[in-house]
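# Descriptive structure summary
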Amino acid sequence: MNRIKRGYIARKRRTKIRLFTSSFRGAHSRLTRTITQQKIKALVSAHRDRDRKKRDFRGLWISRINAVIRENPKVYYIYSNVIYNIYTRQLLLNRKIVAQIAILKENCIFMIANDIIKTKNPPRRYFGKV
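Residues numbered from 1 in each chain as written. Predicted model: local features only at pLDDT ≥ 70, side-chain atom pairs only at ≥ 80, totals over all residues. Heavy atoms only, no water.

## Concerning the nonpolar core
Buried together is how nonpolar side chains tend to be arranged in soluble globular proteins. By size, the foremost hydrophobic cluster in this structure holds 16 residues, and its most contacted members are Ile65, Ile69, Tyr77, Val82, Ile86, Val98 and Ile109. Taken together, the elements giving at least two residues each to this core come down to helix 2 (32-71), helix 3 (79-88), helix 4 (95-104) and helix 5 (106-118). Beyond its immediate sequence surroundings of up to four residues, Ile65 is in contact with Tyr79, Arg95, Val98 and Ala99. (Core = buried A, V, L, I, M, F, W, Y, C linked by side-chain atoms within 4.5 Å. Buried < 20%, exposed > 50% of the residue type's maximum accessible area, 1.4 Å probe, protein only. Helix = DSSP H or I, 4+ residues; strand = E, 2+ residues; numbered from the N terminus. Contact = heavy atoms within 4.5 Å.)

If you want it as structure tokens, here you go:
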């Protein structure tokens, strides 16, 4: 019986994984078993941290808005009231845009808040638990 040489498919698969992990340190970029483990771990972390990044940025925007709102000693605003009033007025301003306005032009955010407060607020409706 003739000796059967293994095909190129397995080697192709391993080199593809090696290219993915080529920037990893030590055995994580050299040994085949650890390469596959590290590739799986890296992809899991990347998938998890995409959602984490969204949460982190939302928290950053909230803290920026709150810091700018509470900076002004003349007017007493609370972050939750400002956001509530923005949504009841159906303004198309999300937290990201409001945070950018708050950082770049502080007066503008107070103008928006004062304009919202001047117009009469509709009664607050509660649905479900409070």
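What follows continues from the structure just given.
## Digging into a positive patch on the surface
Taken together, the side chains of Arg6, Arg13, Arg14 and Arg18 define a basic patch exposed on the protein surface. Here Arg6 is to be found in the segment before helix 1 (9-20). Relative accessible area serves as the criterion here: at 73%, Arg6 is assigned to the exposed category. (Patch = residues over 30% accessible without salt bridge, like charges linked within 9 Å, V, L, I, M, F, W, Y side chains within 5 Å. Areas by Shrake-Rupley, 256 points an atom, 1.4 Å probe, with all protein chains shown as cover. Salt bridge = Lys/Arg side-chain N within 4 Å of Asp/Glu carboxyl O. Lys, Arg positive; Asp, Glu negative; His and termini not counted. Charge placed at Lys NZ, Arg CZ, Asp CG, Glu CD.)

## Quick word on the packing of helix 4 against helix 5
Where helix 4 contacts helix 5, the axes come no closer than 5 Å and their chain directions differ by 125°. With respect to their mutual orientation, helix 4 and helix 5 come out oblique. Contact with helix 4, carried on its side by Val98, Ile101, Ala102 and Leu104, involves Glu106, Cys108, Ile109 and Ile112 of helix 5 and no other residues of that element. Looking at the contact of helix 4 with helix 5 residue by residue, the classes come out as seven nonpolar, no polar and one charged. (Axes fitted to C-alpha atoms, helices over the stretch in contact; angles between N-to-C directions. Parallel < 35°, antiparallel > 145°, perpendicular 65-115°, else oblique. Nonpolar A, V, L, I, M, F, W, Y, C, P; charged D, E, K, R; others polar.)

## Brief notes about the environment of Arg14
Assignment of secondary structure puts Arg14 in helix 1. Taking the C-alpha atoms as reference points, Arg14 and Thr32, separated by 18 residues in sequence, lie 7.2 Å from one another.

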